[in-house]
Amino acid sequence: MPLSIFGFRALWSPWFFLTLVLLVVLYFLLTVKWRDRIEGAVPVTRKEISYFSIAIVLLYIVKGSPVDLLGHILFYVHMIQMAVLLFVIAPLLIMGIPNWMWQKVLDAKIIGGIFRVLTKPILSIIVFALLFSLYHYPLVLDEIKLNLIYHSVFTITLFLAAVFFWWALVNKMPNQKKMHSLLKIGLMILSTILITPACALIIFNPNPMYLTYASGEAWLQAMALCVPAGMLSGLAGLGISGPEMFSNMSTIYDQQLGGIIMKIMQEIIYMVFLGKFFITWYKNERDNADEITEKALLERQRLTMYNQPNR
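Residues numbered from 1 in each chain as written. Predicted model: local features only at pLDDT ≥ 70, side-chain atom pairs only at ≥ 80, totals over all residues. Heavy atoms only, no water.

Participant: It is not clear to me how the confidence of the model for the chain should be interpreted in this structure. Could you clarify?
Facilitator: Note that predicted coordinates carrying low pLDDT should not be read in detail. When pLDDT is averaged along the chain, the result is 88, and 87% of the positions lie at 70 or above. Confidence, expressed as mean pLDDT per element, reaches its minimum in the chain at helix H14 (residues 229-236) with 65 and its maximum at helix H3 (residues 46-63) with 97. (pLDDT = per-residue confidence, 0-100. Helix = DSSP H or I, 4+ residues; strand = E, 2+ residues; numbered from the N terminus.)

Participant: Would you explain the pattern of salt bridges in this entry?
Facilitator: The final tally for this structure, using the stated rule, is 3 salt bridges. Here arginine 35 ties to aspartate 36 by a salt bridge, and the two come within 3.6 Å at their closest N and O atoms. Since its relative accessible area comes to 67%, aspartate 36 is described here as exposed. The closest approach of N and O atoms between lysine 63 and aspartate 68, which form a salt bridge, is 4.0 Å. (Salt bridge = Lys/Arg side-chain N within 4 Å of Asp/Glu carboxyl O. Buried < 20%, exposed > 50% of the residue type's maximum accessible area, 1.4 Å probe, protein only.)

Participant: What am I meant to see in helix H8 (residues 121-135) here?
Facilitator: Owing to its 3.6 residues per turn, the α-helix brings residues three or four apart onto one side. Taking 1.5 Å per residue as the helical rise, H8 with its 15 residues ought to reach 21 Å, and the 21 Å between its terminal C-alpha atoms agrees with that figure. Looking at H8, one finds that the buried residues are Ser124, Ile125, Phe128, Ala129, Leu131, Phe132 and Tyr135. (Expected span 1.5 Å × (residues − 1).)

Participant: Looking at this structure, I do not really get the nonpolar core. What am I missing?
Facilitator: Buried together is how nonpolar side chains tend to be arranged in soluble globular proteins. Counting residues in hydrophobic clusters, the biggest one holds 65 residues, and the most contacted among them are Phe87, Ile89, Phe128, Phe132, Leu158 and Trp166. For this core, the element with the highest residue contribution is helix H5 (residues 75-96), accounting for 14 residues. The contacts of tryptophan 166, once residues within four sequence positions are left out, are Leu86, Phe87, Ala90, Pro91, Ile94, Asn171, Met188, Tyr270 and Phe273. If you look at the next biggest cluster of nonpolar residues, it comprises 12 residues, including Phe6, Leu69, Val77 and Met223. (Core = buried A, V, L, I, M, F, W, Y, C linked by side-chain atoms within 4.5 Å. Contact = heavy atoms within 4.5 Å.)

Participant: Mind showing me how you'd approach H5 here?
Facilitator: With 22 residues, H5 extends 30 Å from end C-alpha to end C-alpha; this agrees with the ideal 32 Å at 1.5 Å per step. At isoleucine 89, H5 shows its maximal kink, close to 35 degrees; a proline, proline 91, follows between one and four residues later. Counted residue by residue, H5 has 19 buried out of 22 residues, so it is predominantly covered. (Bend = angle between axes of the 7 residues up to and from the residue.)

Participant: What is the right way to read a nonpolar patch on the surface from this model?
Facilitator: Taken together, the side chains of Trp15, Phe17, Leu18, Val21 and Val25 present a nonpolar region at the surface, about 500 Å² in accessible area. Classification of phenylalanine 17 by relative accessible area gives partly exposed; the value is 41%. (Patch = residues over 30% accessible without salt bridge, like charges linked within 9 Å, V, L, I, M, F, W, Y side chains within 5 Å. Areas by Shrake-Rupley, 256 points an atom, 1.4 Å probe, with all protein chains shown as cover.)

Participant: Looking at this model, I keep getting lost on the environment of leucine 148. Mind explaining?
Facilitator: Summarising the element assignment, leucine 148 is placed in helix H10 (residues 148-170). Leucine 148 gets classed as exposed once you look at its relative accessible area, which sits at 53%. With 76 residues separating them along the chain, leucine 148 and alanine 224 place their C-alpha atoms 8.7 Å apart.

Participant: Would you mind showing me how to read the packing of helix H2 (residues 14-33) against H3 here?
Facilitator: A pair of packed helices can be characterised by two numbers: the angle between their axes and the separation between those axes. Two elements in contact, H2 and H3, have axes whose closest approach is 10 Å; the angle formed by their N-to-C orientations is 170 degrees. Relative to H3, H2 is oriented roughly antiparallel. Together, Phe16, Phe17, Leu20, Leu23, Val24, Tyr27 and Phe28 of H2 and Glu48, Ile49, Phe52, Ile56, Leu59, Tyr60 and Lys63 of H3 make up the contact between the two elements. (Axes fitted to C-alpha atoms, helices over the stretch in contact; angles between N-to-C directions. Parallel < 35°, antiparallel > 145°, perpendicular 65-115°, else oblique.)

Following this line, the structure appears as structure tokens:
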């Protein structure tokens, strides 16, 4: 069956779209129009605008477009959503929000204190890996997809954990201690190790793990999170029994494909950042070596001139 039967509201989430539009308008008001009224504000860069804009567009695609509805039907699409949300949008937002705005957050007594604790590298990695693994535990994911409050709270919490994890890796705050590029590489490798078991459990489990993708009754209840109640009750009368009405893919293949896609996307994104960190480390080492060599040559010239006999 075509997705169009779910209606415009379920497919395009107009209220979510308007919320993001308002967020973009507020961003440009604060960074451009009202900037001169804000103490410590500096002009926003094109790169920051690009990062923020891309993050907002991607956020609407994965959580507001038909992709979100399809993520309730096919598990592998849901995993694409989560990979983009946690590994692409989170770092883009950090890099897209100007440093002076982040400083306002850090200057807030309570919020800033919590932020500084939860962004400590090792703690942030452990918290993110635990929440990531817990989210994909069958009983937890099924419960989250059946309850709007649980779904909203856990998704936001997991996203914030991703922001805390990425903070130490990509933030450019001038007054914060910078991590060595090799340490960043080590932390990303550690993160890969910690989240691998959850992906492996999904990939190698021979049985369907999630009732909300395998049971027609549970699936219909889960669909209530993104489809208006009146529309959903009308569709139930059409004899729609489950996600198999919209895809020929078996539940187990869908599940395994989801785990594979999540792992591949995470590895590719990590490789991009690892390459960036390695290049930064290499350039710093080369510059330091050049500086040491130059100082050594100057010192040698000074000693040579000093040791020359006076004529």
